Amino acid sequence: MQNYAELMFHEAVADLQRADGGYQQYQIAYQRRTQSGLSPEDIAFIESRESVYLASVTPAGWPYVQHRGGPPGFLRVLGPTRLACADYRGNRQFISMGNLGADDRVSLFLMDYVRKARLKIQGRATLRDLADADPDVVGALSLEGVPVERILTIDVVAMDWNCPKYIPGFYPEAVVTQAIARATAPLQAEIEELKAKLALKD
């Protein structure tokens, strides 16, 4: 993979960093953070996500961001620098698909609101009809019971773990439900015990 700073910190960005006093710090930090492929920790994070934000760009240069979601594991890591997921039937605007036909560069934003972590990925994407997609890629995805039309594959060019500052603490419904169940379990057990005692008195 490429160095994230070399890819994203173009001259105007570098000038702003120099003016702010952080340019050298970033250069040193990102040299240490460059890696050849996704680490086991990166893979575990990616495959545990239930959603991802995907940005593409129009031929006129307008950015377009779209949400992709599914059960944990809907976004799979197929190799050291390759991701894939099913593309479901949507609202038929085809904006992302049209954008990728002209420019395959994309940016992914993966959020974990519970742990307050975020991963940014720059890559090159292809979107193929299900019938035309690589059978090995299709076989690696969980497609049962979902209206899949296409397969999205992304070759990772660069990545960066972003700081957790200002990430709000949102919790998925399943996490909240489990926490409530754990907290109320002793009370429920006590209620059942009291009900049993009352039944004996009757």
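Residues numbered from 1 in each chain as written. Predicted model: local features only at pLDDT ≥ 70, side-chain atom pairs only at ≥ 80, totals over all residues. Heavy atoms only, no water.

(A) Up close: a nonpolar patch on the surface. A cluster of nonpolar residues, V114, Y171, V175, V176 and I180, forms a patch on the protein surface that exposes about 410 Å² of accessible area. Mapped onto the secondary structure, V175 falls in helix α7 (residues 173-201). V175 gets classed as partly exposed once you look at its relative accessible area, which sits at 34%. (Patch = residues over 30% accessible without salt bridge, like charges linked within 9 Å, V, L, I, M, F, W, Y side chains within 5 Å. Areas by Shrake-Rupley, 256 points an atom, 1.4 Å probe, with all protein chains shown as cover. Salt bridge = Lys/Arg side-chain N within 4 Å of Asp/Glu carboxyl O. Helix = DSSP H or I, 4+ residues; strand = E, 2+ residues; numbered from the N terminus. Buried < 20%, exposed > 50% of the residue type's maximum accessible area, 1.4 Å probe, protein only.)

(B) Inspection of helix α5 (residues 95-102) at higher detail. Buried residues of α5: S96, N99 and L100, and no others. What you see down the axis of α5 is that its buried residues fit within an arc of 95°, all on one side. Relative to its buried face, α5 has exposed residues pointing more than 90 degrees away, namely G101 and A102. For α5, the elements touching its buried residues are β1 (51-57), β2 (63-69), β5 (105-112), β6 (117-129) and β7 (148-162). (Arc of directions from axis to C-beta. Contact = heavy atoms within 4.5 Å.)

(C) The environment of M1, seen in detail. Here M1 is to be found in the segment before α1 (4-8). By relative accessible area, M1 is classed as partly exposed at 24%. Separated by 33 residues in sequence, M1 and T34 place their C-alpha atoms 7.5 Å apart.

(D) Seen up close, the pairing of strand β3 (residues 76-79). The sheet contact formed by β3 and strand β4 (residues 82-88) spans 3 bridges and is antiparallel. Residue pairing for β4: V77 is matched across the bridge by L83. (Pairing = 2+ DSSP bridges.)

(E) Representation of the sheet that holds β5 within the structure. One open sheet accounts for 7 strands, arranged β2-β1-β5-β6-β7-β4-β3; its pairing is antiparallel. Edge positions in the sheet fall to β2 and β3, since each has one partner strand and no second. Taking each pair of neighbouring strands and ignoring which way they run, the sheet shows an average axis angle of 35°. Inspection of the sheet shows β5 paired to β6 by 8 bridges, in the antiparallel sense. Of the residues in β6, the one forming a bridge with F109 is K120. On the sheet, α5 packs against β1, β2, β5, β6 and β7 and is oriented at approximately 120° with respect to β2. (Axes fitted to C-alpha atoms, helices over the stretch in contact; angles between N-to-C directions.)

(F) Representation of unusual backbone geometry in the model. Backbone geometry places F94, a non-glycine residue, at a positive phi of 65°. Judged by relative accessible area, F94 falls into the partly exposed class, the value being 40%. With a phi close to 70°, Y166 is a non-glycine residue in the positive phi region.

(G) View of the pairing of β4. Along β4, 5 of the 7 residues are buried, which leaves the element largely enclosed by surrounding structure. The turn linking β3 back onto β4 is made up of 2 residues. Of the pairings in the sheet, the one linking β4 to β7 comprises 7 bridges and is antiparallel in character. Of the residues in β7, the one forming a bridge with A84 is T153.

(H) Region of the structure containing the environment of V106. Within the secondary structure layout, V106 lies in strand β5. Looking at V106, the relative accessible area reads 4%, which means it is buried. Considering only alpha carbons, one finds V106 and V57, 49 residues apart in sequence, at a separation of 7.7 Å. Ignoring sequence-local partners within four residues, the contact set of V106 consists of L54, A55, L100, I121, Q122, G123, R124, A125 and I154.

(I) Representation of the nonpolar core within the structure. Counting 23 residues, the largest nonpolar core has I46, L83, L108, L110, I121 and L152 as the members making the most contacts within it. For this core, the elements supplying multiple residues, two or more each, are α4 (40-47), β1, β4, β5, β6 and β7. The residues touching L110, leaving out its near neighbours within four places in the chain, are F45, I46, R49, V52, L75, A117, R118, L119 and I121. (Core = buried A, V, L, I, M, F, W, Y, C linked by side-chain atoms within 4.5 Å.)

Nothing here speaks to function; it is all geometry.
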